[in-house]
Amino acid sequence: MEIETDSLTAKKHFKVFSELELHEFQDKFVIRSLQFPDRAVSIDRSDGTFHVNVTGEVVNLEGASKVCTVFGVAGSIRLLAGTYVLVITSRKEVGAYLGYPVFRVMSMKFLSCNEGLKNLTNQQKKDEAYFQTLLRIVEETPGLYYSYDTDITLNLQRRYKMADGWMSKPIWKQADPRFVWNRNILEELIENKVDEFIVPLLQGKLSFQMGQLKLNNLTSTITLISRRCTRRLGTRMWRRGANLEGDTANFIETEQLLEYDKFKSSFLQVRGSIPLLWEQIVDLSYKPHLSVIEHEDTPMVVKRHFHDLMQRYGNTIAVDLTDKHGNEGQLSLAFATEMEKLPDVRYVSFDFHQRCGGSNFDSLKLLYDEIADDFDKQGYFLQTSDGELVEEQNGIVRSNCIDCLDRTNVTQSYLARISLNQQLQRMCALTSAEHVCTFTGDEDLEIYRNLWVNQGDEISLEYSGTNALKGDIVRYGKQTISGLIKDGISALSRYYLNNFQDGIRQDAIDLISGNYTVSGNRPSPFQLNKFESRTLFPVASVLLIGSLTVTSITLNRAGQNAQTVISSVICAGATAGMMALVKANGRQICSRPRLCGLL
């Protein structure tokens, strides 16, 4: 394995190979390190078996049909016909985390080792074709980041508490498995002990910007890191609430890291879906009906969720931003009822839409005033540049709305700015009377706001398929006309994606995360005794468009004679009936996952 010595700290740390050559042969793939030509792994194209070069001699690579550069191996998965190996084919350096370069995955590719395809039954071949479609979706997964030099899944405070020598371990061992997007598909690589080839991927958002703080003419670096938990991965409508273990959908740890003068500080927040068992199945409605699933284990689910939070982060403030009326109100009431059974967790209900209606977003100060004492006690993590501990963060604010996207983004950015102000005052960059908004220049403040806007967009893109709404509130402190238009376009895009695309996207996520395991010994998941949504959708679309076209034509001629009037009425009635029929069967028409259930 490749271990380098840091001359400043005299401590060794593990380093993953940063550039690899992929050699394609008729019977195998060979992946070799460019830095260390004697380090190579070959993969049999017939069955996906791994062979590691342990001789210490340079591998003979003559006769390769194709040679290209790849930038890491992200995992392997076995399907019906064989093994598929995921490699990173392009990358982009986006900044540095604590001095170590961080890259974003720009493209990935599965290498097919599936010669067993010829031995499959007809149904298995159909299944394999669908699984391959899912792998192509996986290749397009947004928001994946990694480093060759260090783990990026651990926040600054956890890194501080790690035992000496932890950075000499393989990076996949350093990582928090909750935040390793490809953890499930690393198993075979780990078993074959190819640690220096393995790239653990973090899904989330890493934003790196430099801002000149003008009071003391010193440069500060603000890094915003969002880490998506893999325990309940999924799309917006097909992964809601919690599972029976207490893991919630769209659970994300966000760290705001500040490096200024001789200090490093970190402020953590988390978000996650309301930790109840609930669903919101798409049915062509703009806002599908939301319903709480009655289950005897619900109190234990909530208890498990918050017990895990308190074990990891300390005292917890649960900020519920949902509406207090309609479907949201019923869910919020159920959440509040369960929280009454947990006296160790502070629950705060803040109806964002009511309190901040009419673009009155200064009302978020009311939320801060309500939690200020506990918020200040939780604090933040602060250490000197030479590693001396000054202060620890001993609690967390957990925010949620329904999607944990738009309202949550605005609220978290507001609380993060308050914490940033407190940190700069502690570092003596600000006096107690000064605020970061007046301390920095307009350009620096815009950079800071854009960090949160971009982070919100990326998180939303991963979960809902579109950019976040209300981004102009974070950027400008108010809603603008252009922002409203952008939000409207994003809302329509969400509607289409949630209704007609997310079912297959959820299958891809379930496959790669291990929620569904492919086996030739189990029945095909695609042999359904009813029409599939992909079949019904085009039929329904044709019928509706045809009915509307005929109706519009007859209405244009309605004034010519009584017969055309009667025809128009009949066509309009038929169209209305067709629309009602389509709406009544909305759940069957919409795209839905076929590999796993909701929980």
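Everything below is about the structure printed above this text.
Cut-offs and rules
Residues numbered from 1 in each chain as written. Predicted model: local features only at pLDDT ≥ 70, side-chain atom pairs only at ≥ 80, totals over all residues. Heavy atoms only, no water. Core = buried A, V, L, I, M, F, W, Y, C linked by side-chain atoms within 4.5 Å. Buried < 20%, exposed > 50% of the residue type's maximum accessible area, 1.4 Å probe, protein only. Helix = DSSP H or I, 4+ residues; strand = E, 2+ residues; numbered from the N terminus. Phe/Tyr/Trp six-rings, centres within 6.5 Å; stacked < 30°, edge-to-face > 60°. Lys NZ or Arg CZ within 6 Å of the ring centre and 35° of its normal. Salt bridge = Lys/Arg side-chain N within 4 Å of Asp/Glu carboxyl O. Axes fitted to C-alpha atoms, helices over the stretch in contact; angles between N-to-C directions. Parallel < 35°, antiparallel > 145°, perpendicular 65-115°, else oblique. Left-handed = near helix turned anticlockwise from the far one by under 90°. Contact = heavy atoms within 4.5 Å. Nonpolar A, V, L, I, M, F, W, Y, C, P; charged D, E, K, R; others polar.

Undergrad: What exactly am I supposed to notice about the nonpolar core here?
TA: The tendency in soluble globular proteins is for nonpolar side chains to be buried as a group. The biggest cluster of nonpolar side chains holds 39 residues, and the ones touching the most others in it are Ile77, Phe131, Tyr146, Trp181, Leu201 and Leu511. At the level of elements, β8 (73-78), β9 (83-97), β10 (100-113), α1 (122-139), β11 (144-146) and α14 (502-513) are the ones that each hand at least two residues to this core. In terms of residue count, α1 provides more of this core than any other element does, 5 residues in total. One finds Phe267, Ala372, Ala429 and Leu451 within the second-largest nonpolar core, a separate group that totals 36 residues.

Undergrad: Hey, could you run me through the packing of aromatic side chains in this one?
TA: A ring pair, where both rings are aromatic, is described by two values, the distance of the centres and the angle of the planes. By the definition in use, this model includes 11 aromatic pairs. Centre to centre, the rings of Tyr146 and Tyr148 are 5.1 Å apart; their planes meet at 85°, and the pair counts as edge-to-face. Each member of the aromatic cluster is reached from another via a ring pair, and the members are Phe17, Phe36 and Phe197. The ring of Phe36 has Arg39 lying over it, and the distance from NZ or CZ to the ring centre is 5.2 Å. When the ring centre of Tyr130 is taken as origin, the NZ or CZ atom of Arg594, which lies over that ring, is 4.6 Å away.

Undergrad: Could you clarify how one ought to interpret the pattern of salt bridges in this entry?
TA: Where charged atoms from two side chains of opposite charge approach closely, those side chains can pair. Going through the model one piece at a time under the given rule, you end up with 26 salt bridges. Where Asp308 meets Arg312, a salt bridge forms, and the shortest distance between an N and an O atom there is 3.1 Å. A residue pair is termed a helical-turn pair when its members lie 3 or 4 positions apart in one helix, as Asp308 and Arg312 do in helix α5 (residues 298-313) at 4 residues. Taking the relative accessible area as the measure of exposure, Asp308 reaches 26% and is therefore partly exposed.

Undergrad: Sorry if this is basic, but what is going on with the packing of helix α8 (residues 364-378) against helix α9 (residues 406-426) here?
TA: The packing of two helices is summarised by the inter-axis angle and the distance between the axes. Two elements in contact, α8 and α9, have axes whose closest approach is 11 Å; the angle formed by their N-to-C orientations is 50°. On the basis of their axis angle, the class for α8 and α9 is oblique. Handedness of the crossing formed by α8 with α9: right-handed. For the pair α8 and α9, contact is made by Leu364, Lys365, Leu367, Tyr368, Ile371, Phe375 and Asp376 and by Val410, Thr411, Tyr414, Leu415, Ile418, Ser419 and Gln422, respectively. Class assignment of the residues belonging to the contact of α8 with α9 gives a composition of 9 nonpolar, 3 polar and 2 charged.

Shape is all these values report; function is a separate question.
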